[in-house]
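Residue strings, one per chain:
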Amino acid sequence: MSPYEEIGHRSIFKGIGVSPGIMIGHIHLLDRQRVSVRRHEVSEDLVEAEISRFKRAVETSKDQLEDIKNRLTHDVGKDLSNILIAHMLTLEDKMLVGKTIEEIRSSRVNAEWALKKVLEKYIQSFDAIADEEMKKWKTDIEHVGERVLRNLSGQQMESLGELPDGVIVVAHDLAPSDTLQMKKGRVVGFVTEVGGRTSHTAIMARSLEIPAVVGLDRITTLAETGDSVIVDGNRGIVILRPDEALRIEYEERQRRYRYYERELTKIRDLPAQTQDGTLIHLAANLELPEELPTILEYGAAGIGLFRTEFLFMNRPDLPSEEEHFQVYRAAAERLSPHPVIIRTLDMGGDKVASHLAQVEESNPALGLRAIRFCLREQDLFRAQLRAILRASHFGDVRVMYPMISGLRELREANLILEDVKRDLRREGVPFREEIPVGIMIEVPSAALIADILAKEASFFSVGTNDLIQYSLAIDRMNEHVAYLYEPLHPAVIRTLQMIVEAGRRQGIPVGMCGEMAGDPLYCLVLLGLGFQDLSMLSFSIPRVKKILRACTYAEARALAEEVLRCDTATEAHEQVLKYMIRRFPEDISEEGGQVCLL
Ligand code: PEP
Ligand code: MG
């Protein structure tokens, strides 16, 4: 990696900002270098002793993880202790432990070498899979392997729990067990060489609300403990050894950002209403139940997309109906009287739960995912529907099916829902008889027949993440075609207009819950197109609300019409960007070629 600007001692780097905020401080370089492993042969009479040494290292690793878990479960979310459980389960894995023992025995080599070989093979098998969940699992295996290797070689892992207060951690990578130890106040920011938006460490940084930048290849070779550093998580910028002028500039940016955040909290309880009186419903997307309190802090008017996949991940078995129910009921009660839209399982394709019997597919994004998978695995689907219906007795719960591509799927799903309702009635279990049943519009075929679907769905919610992927034939996970992923592409805008129109004619609400809904850059265009129900990461709610409160519906309409007249995505993007920067200079600016806050 080379910095994109280097003057004297200071260097400026550009990575991926995964958690917002600006921090100026000193580096603590975390030793997470790989343990170097040498091969040596073990004589036959010492093979069993070598296997015992390996088993002891595995046990020590389990104890260490257990210890971290016990110390941390009180002040971190359950999902994170689940990560530790996943690490512990990896240590029970026959593939990893069993194969290493086999390798020691058959090749008569030292445990470190045998483990390294097995790890390499194991990890390689993940490389061909472009799936975020599998990538996380691969990282888990790497971290666990590293821990066992360290225990075998007697090299200690430096603990983040023992760091001085107020440091910015720079590391090649951070294991979830590292980030779990980042108590608020102790580590005030971090920078890593690897990682992406959906990595565990990024999720953790966001929940701790500390700025973080990832993807800065080889930064550990350039930074040293004690170096001064600026981390700008808003723009993904890291400045090593800043000079006085830059430090002053960033102190000013930091002040402005903090002021901006404080200002945002002031509008928390105010309605998302335009100057000319149009009300917009801003709800939150929920990925983990731990986000519930945060959602309320950001002033969400309900949950517009309750992703239920987390219930199936990081565990060796399926969640029971009761588990589903407890989670949904808690959300319904907490958010009441606001609506909670629970999306039925969107597993398959890019989201994989290891224990579910999923088929191997050469084209998983177009395969047996979401509603298709649920219609195949009906027991699992029924258990979830039962739980949703039971929870509907405790708040304004609604159900939503993902990836509907035609009327048949909607009808089939509804038949099962009716059947489940009949069972509950027979059992005398209370539920909301007229529970609204909506569908996600995220497949072009569904958009094209939105008028037909609108007759049998209670509401639509547009999933732009997939709708754009399928409309423009761009894999949403593939960084090589990421530049073509354009929300303002004329084809996307026309599709959105069509969906809104179909909903309006049939008199059903049309919302949006894809990432596009939470991007402040697009909120005026969306309002102008007729979207008055937006669901987003709770963190984005005040940002979008601030803009909506300052605009008029009339100007949103005019901007949307301008966009509808554009022939290319580039033209539309330029128009919108120019307009938004001029109109909302406090909220949107363009620096270094990218849109960012402040
Ligand atoms: C979407 O596709 O826009 C969406 C919200 O669903 P997911 O990102 O979970 O596929
Ligand atoms: Mg989707």
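Numbers given for residues are sequential positions, taken from 1 along each chain in its written order. Here every chain gets a letter starting at A, and every ligand a number starting at 1, in the order they are written. Only residues with pLDDT of at least 70 get local features here, since the model is predicted, and only at 80 or more are side-chain atom pairs given and counted; chain-wide, interface and lining totals rely on the full set of residues. Heavy atoms throughout the structure, all of them, feed into the side-chain values; hydrogens and water do not.

A.B. asks: How would you sum up the site of ligand 1? Please name residues and give values.
C.D. replies: Here a residue counts as near a molecule or strand whenever at least one of its heavy atoms sits within 4 Å of it. Near ligand 1 you find 15 residues, and of these Arg-307, Arg-343, Gly-463, Asn-465 and Arg-476 are the closest. Between Arg-307 and ligand 1, the recorded distance is 2.9 Å, taken from a side-chain N or O atom to an oxygen atom. We define a polar contact as two N or O atoms separated by no more than 3.5 Å, with the added condition that, inside protein, one atom must be a possible hydrogen donor and the other a possible acceptor, whereas residues neighbouring each other in sequence contribute only through side-chain atom pairs. A distance of 2.9 Å separates an oxygen atom of ligand 1 from a polar atom in the side chain of Glu-442. Method remark: on a 1 Å grid restricted to protein atoms, a set of points is classed as a cavity if a 1.4 Å probe fits but cannot get out and as a pocket if it is open with protein on both sides within 12 Å along at least five of seven lines; lining residues have an atom within 4 Å of a point. If over half the atoms of a molecule are within 2 Å of the grid points of a cavity or pocket, the molecule is regarded as sitting in it. According to the grid-proximity analysis, the pocket containing ligand 1 is the second largest cavity. Strands are runs of DSSP state E lasting at least 2 residues, helices are runs of H or I lasting at least 4, and numbering of each runs from the N terminus. Here the shell around ligand 1 gets three residues from one element, more than from any other, and that element is helix α17 (residues 464-472). Residues are grouped as follows: nonpolar covers Ala, Val, Leu, Ile, Met, Phe, Trp, Tyr, Cys and Pro; charged covers Asp, Glu, Lys and Arg; every other residue, Gly included, is treated as polar. Per-class residue counts for the shell around ligand 1 are three nonpolar, four polar and eight charged.

A.B. asks: An account of the pattern of salt bridges is requested, with residue identities and associated values reported.
C.D. replies: Throughout this description, the term salt bridge denotes a Lys or Arg side-chain nitrogen within 4 Å of a carboxyl oxygen of Asp or Glu. Taken as a whole and judged by the stated rule, the model has 41 salt bridges. Between Glu-261 and Arg-543 there is a salt bridge, with the nearest N and O atoms lying 3.8 Å from each other. In this pair, Glu-261 is assigned in helix α9 (residues 244-266) and Arg-543 in helix α20 (residues 541-550), connecting sequence segments 282 residues apart. Overall, Glu-261 belongs to the partly exposed group, its relative accessible area being 32%. Among the residues examined, Arg-543 registers a relative accessible area of 3% and is labelled buried. Arg-408 serves as the salt-bridge partner of Glu-412, at 3.6 Å between the closest nitrogen and oxygen. One end of the pair, Glu-412, and the other, Arg-408, are both in helix α14 (residues 407-427), four residues apart, so they sit about a helical turn from each other. Note on exposure labels: buried denotes an accessible area under 20% of the residue type's maximum, exposed denotes more than 50%, and partly exposed covers the range between, all computed with a 1.4 Å probe on protein chains only. Using a relative accessible area of 31% as the deciding quantity, one classes Glu-412 as partly exposed.

A.B. asks: An account of the nonpolar core is requested, with residue identities and associated values reported.
C.D. replies: Inside soluble globular proteins, nonpolar side chains tend to come together where they are buried. Residues Phe-306, Tyr-401, Phe-460, Leu-496, Phe-531 and Met-580 are the most contacted members of the largest nonpolar core, which totals 105 residues. Contacts are assigned to residue pairs that have any heavy atoms within 4.5 Å of one another. Residue contacts for Leu-496: discarding those within four places in its chain leaves Val-462, Thr-464, Leu-467, Met-512, Met-516, Leu-526, Leu-529 and Phe-531. Core analysis: the next-biggest nonpolar cluster, separate from the first, contains 29 residues, Ala-57, Leu-65, Ile-123 and Leu-149 among them. We call a set of buried residues a nonpolar core when its members are Ala, Val, Leu, Ile, Met, Phe, Trp, Tyr or Cys and they connect through side-chain atoms within 4.5 Å of each other.

A.B. asks: I'd like a rundown of empty space enclosed by the protein, residues and numbers included.
C.D. replies: Grid points are joined across faces, edges and corners, and a volume is the space filled by probe spheres set on the points. For the structure shown, the criterion picks out three cavities of 30 Å³ or more. Quantified by volume, the second largest cavity comes out at close to 70 Å³. Taken together, 14 residues form the lining of the second largest cavity, with Arg-307, Arg-343, Met-440, Glu-442 and Asn-465 sitting closest to its centre. When grouped by side-chain class, the residues that make up the lining of the second largest cavity number three nonpolar, three polar and eight charged.

A.B. asks: Which residues make up the side chain of Glu-555, and what values go with them?
C.D. replies: Positionally, Glu-555 belongs in helix α21 (residues 553-565). The class of Glu-555 is buried, set by a relative accessible area of 12%. Among the polar contacts made by the side chain of Glu-555, one reaches the side chain of Tyr-579 at a distance of 2.2 Å. Only 2.7 Å separates the side chain of Glu-555 from the side chain of Arg-583, close enough to count as a polar contact. If we ignore the near neighbours within four places in the chain, the residues touching Glu-555 are Leu-524, Ala-550, Tyr-579 and Arg-583.

A.B. asks: With reference to specific residues and values, describe helix α18 (residues 490-506).
C.D. replies: Expected helix span is taken as 1.5 Å per residue step, with the number of steps being one fewer than the number of residues. Its 17 residues give α18 an end-to-end C-alpha distance of 24 Å, which sits within 8% of 24 Å, the value for a rise of 1.5 Å per residue. Those residues of α18 that fall on the buried side of the exposure criterion are Pro-490, Val-492, Ile-493, Thr-495, Leu-496, Ile-499, Val-500, Ala-502 and Gly-503. Two residues or fewer after α18 comes Gly-507, characterised by a positive phi angle close to 75 degrees.

A.B. asks: Requested: an account of the coordination of the magnesium ion (ligand 2), with residues and values cited.
C.D. replies: Within the protein, the atoms that donate to the magnesium ion (ligand 2) are Glu-442 (OE) and Asp-466 (OD), at distances of 2.0 to 2.2 Å. Here Asp-466 lies in helix α17 and Glu-442 lies in the loop between β14 (437-441) and α15 (444-448), a separation of 24 residues in the sequence. With respect to burial, Glu-442 and Asp-466 carry one shared label: buried. Only nitrogen, oxygen and sulfur atoms qualify as donors, provided they sit within 2.8 Å of the metal or within 3.2 Å for Na, K and Ca; with water excluded from the atoms, sites may seem incomplete.

A.B. asks: I'd like a description of the environment of Ile-12, backed by residues and values.
C.D. replies: Here Ile-12 shows up in strand β2 (residues 10-14). On the basis of relative accessibility, which here comes to 7%, the residue Ile-12 falls in the buried class. On a C-alpha basis, the gap between Ile-12 and Ile-237 in space is 7.1 Å, while along the polypeptide they are 225 residues apart.

A.B. asks: An account of helix α11 (residues 321-335) is requested, with residue identities and associated values reported.
C.D. replies: If you check α11, its first and last C-alpha atoms are 21 Å apart, about what 15 residues at 1.5 Å a residue would give, namely 21 Å. Every buried residue of α11 is listed here: Glu-321, His-324, Phe-325, Val-327, Tyr-328, Ala-331, Ala-332 and Leu-335.

A.B. asks: Give a description of the packing of α21 against helix α22 (residues 569-583) that names residues and reports values.
C.D. replies: Axis separation between α21 and α22 bottoms out at 9 Å; the angle between their running directions is 155 degrees. Taken as axis vectors, α21 and α22 run roughly antiparallel relative to one another. Of the residues in α22, those touching α21 at Glu-555, Leu-559, Glu-562 and Val-563 are Ala-572, Gln-575, Val-576, Tyr-579, Met-580 and Arg-583. Broken down by class, the residue content of the contact of α21 with α22 amounts to six nonpolar, one polar and three charged. Every axis corresponds to a line fitted to the C-alpha atoms, with the helix fit spanning only the stretch in contact, and the corresponding angles, defined between N-to-C directions, vary from 0 to 180 degrees. Oblique is the label for any angle not under 35 degrees, not over 145, and not in the 65 to 115 range, which are roughly parallel, roughly antiparallel and roughly perpendicular in turn.

A.B. asks: Tell me about the state of the cysteines, and name the residues and values.
C.D. replies: Whenever a pair of cysteine sulfur atoms sits within 2.5 Å, that pair is classed as a disulfide. Following the criterion strictly, the structure yields zero disulfides and no others. Left without a disulfide partner, Cys-523 is nearest to the cysteine sulfur of Cys-551, which lies 6.9 Å away. Classification of Cys-523 as buried rests on a relative accessible area of 0%.

A.B. asks: How would you explain the pairing of strand β8 (residues 228-232) if you had to name every residue and give the values?
C.D. replies: Taken across its five residues, β8 has five buried, putting it largely inside the fold. Burial along β8 is two-sided: Ser-228, Ile-230 and Asp-232 facing one way and Val-229 and Val-231 facing the other are all buried. Strands qualify as paired when DSSP identifies two bridges or more between them. Two elements, β8 and strand β9 (residues 237-240), share four bridges in a ladder whose sense is antiparallel. Within the sheet, the bridge partner assigned to Val-231 lies in β9 and is Val-238. The turn joining β8 and β9, which pair antiparallel and follow one another in sequence, is formed by four residues; a positive phi near 70 degrees is taken by Gly-236.

A.B. asks: An account of the packing of α11 against helix α13 (residues 378-391) is requested, with residue identities and associated values reported.
C.D. replies: α13 packs onto α11 with a crossing angle of 35 degrees between their chain directions and a minimal axis gap of 8 Å. Judged by the twist between their axes, the crossing of α11 over α13 is right-handed. Of α13, the residues touching α11 (which contributes Glu-321, Glu-322, His-324, Phe-325, Tyr-328, Arg-329 and Ala-332) are Ala-383, Gln-384, Arg-386, Ala-387, Ile-388, Arg-390 and Ala-391. Its residues placed into classes, the contact of α11 with α13 shows seven nonpolar, two polar and five charged. The sense of a crossing depends on the near helix, which, turned anticlockwise from the far helix by less than a right angle, makes the crossing left-handed and, turned clockwise, makes it right-handed.

A.B. asks: Please set out the packing of aromatic side chains residue by residue, giving values where relevant.
C.D. replies: The aromatic pairing rule takes the rings of Phe, Tyr and Trp, using the six-membered ring of Trp, and pairs them if the centres are within 6.5 Å, calling planes under 30 degrees apart stacked, those over 60 edge-to-face and the rest tilted. What the rule picks out here adds up to three aromatic pairs. For the ring pair Phe-306 and Tyr-328, a centre distance of 5.6 Å and an interplane angle of 90 degrees mean the geometry is edge-to-face. Of the two residues, Phe-306 is situated in strand β11 (residues 303-306) and Tyr-328 in helix α11; the sequence distance between them amounts to 22 residues. When its relative accessible area of 1% is taken as the criterion, Phe-306 is described as buried. Remark: a charge is flagged as sitting over a ring if the NZ atom of Lys or the CZ atom of Arg is within 6 Å of the ring centre and within 35 degrees of the ring normal. Over the aromatic face of Phe-394 sits the side chain of Arg-329, whose NZ or CZ is 3.8 Å from the ring centroid. If you follow Arg-390 out to its NZ or CZ, it ends over the ring of Phe-325, 4.0 Å from the centre.

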